[in-house]
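Structural characterization, general
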Amino acid sequence: MLRSRVPSTNRSADFLSQTSGALSSRRPLTPRVSTTLLSAALACSVGGCASAPTAVVPTVAATPPPGFACAATEHDGYVEYVDVDACSAAGDVRDVVQLVGRAVRAEHVFEGYDSIWADGAAGRTVSRPQAPHACDVTLAPEAARRRLGAVFEDYEAGSLEVGLTRLEGVVRDDTATVRAEVEVQAGYGEDTGHYVHEYELRRSGALWGVHHVRLWAVDWAIPDESETYDAAFWAQLDAAAERAGEARAGLVGDALLEAQRAYAAALQRAMCPRQAYAVLSEVVAARGAHAADWLMLADAALDLGLFDEAESARARARVVPLGPPPARTLLGCWNHASTCPADDPDGHDDEDCLPRELCEVDVLGRVDVSTGGDACALALVRERRDEQGAESIYLLIGAAGAWTSAIRLEEGPRHDGQPGGVRALTVEAPQLAALGPAASNEESAPDGLTLRYELREREIAESGVVDIVERGVLACLGLDDDLRCERLPDFVERQPEGGRARQASATLTFPGDGTVVVRARRGRDARIVVGQRPIIAPPTP
């Protein structure tokens, strides 16, 4: 979907007609002059030219409105953006072009946003395609500033490069219309997006200001991935939203709630926040609503400029139970569609196409705990990538209404025919435990979790092949983003090829002071460290 949201009221047809007129050399004759010349012509045809007026009729030449058009140039394979100073000749055109240059930067890097507006400005319209649409949202300048301020609050503006690829417009008296085509490179050039801004500007005294700006995205790309936001793109999203809306028919209870969530998500993907907000208002009022629903409502409210409601929804998301973990997006499981030809879906014959990635995520267990009034949860998930990847076990941490981070605990078996490595990994559901210093007045307060695992792997060495079975406890201390985990085996069996098995076993106990006590029972193995040791390293004094 769109990586950054863009704006707009459609004035495309008007703008193009004004521009074509502005670049012509003459304005049509005024009605007064036309009537005078017509009278002279009639006098010649009726009474002869001698009876025509002897006074010379002045020809009034129209002063063409100042129009301008500048485009980026290419030099040594690199695009050189429009030079605003070179594009703005003098006078009003210069002032208008320089204002638009500042306004573009204000929009994309949030610099000097308040200083660009005219008195009584209509504001900023976020649009989808070029034509007006029911999903367009217009915010007054102050609301637009607050909305963009929320977007840029944690954004690394230094990673952005913004340039004009084309600038054209017309200035008439105290008004101007300008179309700016913009390129934005983010992530130090990794992301590239193109946008169109259509400005209506007005002059008050000697100062120009933006009366209205309408913006929309054209395309976005990173290496091996791209999107073009044309009519077909939006039609596809609209159709998906319509199908999701129709899928609610006849449903009740939890089934209806889940269908409502899917409908709201489809509307948000189609950049229709007003419609999504209406659906989400019903979702959060239902029994079974969870934190993700409130966060979706907050996002829609923010897009609409309902800032108090957005803040209230985010506060609510902190205390209600978290929803299911969005493991696929959190772990980078994209599950994208293939760009390869239909007869070659795996991309074996076309190095430029992108094969469909196979990716599945299973939730193996979950625990919920409340810390300081905020809802917190941990979920154990298994990620299974394509044939060349390894299965991995992750612990997801959820707090403040969202699943915020993931810790990879262990890699499971590979599927690429490797002779060594992990062959199987099984885990039990996590359990809360008092592993660290107990909270005051709560001697058994949980501050960690444990889960039992079994790991089977194969070592390939010069001395031969060794099959290993390891069982034990995975202990994690912290229950927050600083959570640290350690694998603690209490049983290891080593079976050399053609030889006898060697076994080692131990007992594990957790005194509650952040340490684990390991007591050997049988045999010795490098994987079982006997003695008392901390689960995590002690803090630096």
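Residues numbered from 1 in each chain as written. Predicted model: local features only at pLDDT ≥ 70, side-chain atom pairs only at ≥ 80, totals over all residues. Heavy atoms only, no water.

What follows concerns the environment of Gly523. Among the secondary structure elements, Gly523 is positioned in the loop between strand E21 (515-522) and strand E22 (531-534). On the basis of relative accessibility, which here comes to 45%, the residue Gly523 falls in the partly exposed class. (Helix = DSSP H or I, 4+ residues; strand = E, 2+ residues; numbered from the N terminus. Buried < 20%, exposed > 50% of the residue type's maximum accessible area, 1.4 Å probe, protein only.)

This part takes up the packing of helix H7 (residues 253-269) against helix H9 (residues 291-303). Running from amino to carboxyl end, H7 crosses H9 at an angle of 30°, the nearest separation of the two axes being 12 Å. On the basis of their axis angle, the class for H7 and H9 is roughly parallel. Taken as a pair, H7 and H9 cross one another with a handedness that is left-handed. Contacts between H7 and H9 involve Arg261, Ala264, Ala265 and Gln268 from the former and Asp293, Met296, Asp299 and Ala300 from the latter. Class assignment of the residues belonging to the contact of H7 with H9 gives a composition of 4 nonpolar, 1 polar and 3 charged. (Axes fitted to C-alpha atoms, helices over the stretch in contact; angles between N-to-C directions. Parallel < 35°, antiparallel > 145°, perpendicular 65-115°, else oblique. Left-handed = near helix turned anticlockwise from the far one by under 90°. Contact = heavy atoms within 4.5 Å. Nonpolar A, V, L, I, M, F, W, Y, C, P; charged D, E, K, R; others polar.)

So, on to the side chain of Thr515. Along the chain, the position of Thr515 falls in strand E21. Thr515 sits in the buried class, given a relative accessible area of 13%. A distance of 2.6 Å separates polar atoms of two side chains, one belonging to Thr515 and the other to Asp513. A distance of 3.2 Å separates a polar atom in the side chain of Thr515 from a polar atom in the side chain of Gln532. Among residues more than four places away in sequence, those in contact with Thr515 are Leu435, Thr509, Phe510, Gln532, Arg533, Pro534 and Ile535. (Polar contact = N/O pair within 3.5 Å; in protein donor to acceptor, adjacent residues only side chain to side chain.)

Turning our attention to the pairing of strand E10 (residues 225-228). Pairing of strand E9 (residues 207-222) with E10, which is carried by 4 bridges, proceeds in the antiparallel orientation. Bridge pairing in E10 places Asp219 opposite Thr228. Between E9 and E10, which follow one another and run antiparallel, lie 2 residues, and Asp224 among them has a positive phi close to 75°. (Pairing = 2+ DSSP bridges.)

The tally for this structure, following the rule as stated, stands at 28 salt bridges. Across the pair Asp374 and Arg318 runs a salt bridge, and its minimum N-O distance is 2.5 Å. Of the two residues, Asp374 sits in strand E12 (residues 374-384) while Arg318 sits in the loop between helix H10 (307-317) and helix H11 (327-331), which places them 56 residues apart along the sequence. Given a relative accessible area of 36%, Arg318 falls into the partly exposed group. The shortest N-O distance in the salt bridge between Arg471 and Glu454 comes to 3.3 Å. One end of the pair, Arg471, is in strand E18 (residues 464-477); the other, Glu454, is in strand E17 (residues 448-461), with 17 residues separating them in the sequence. When salt bridges with common partners are traced through the structure, they connect Glu457, Glu459, Glu470, Arg487, Arg494 and Arg527 into a single cluster. (Salt bridge = Lys/Arg side-chain N within 4 Å of Asp/Glu carboxyl O.)

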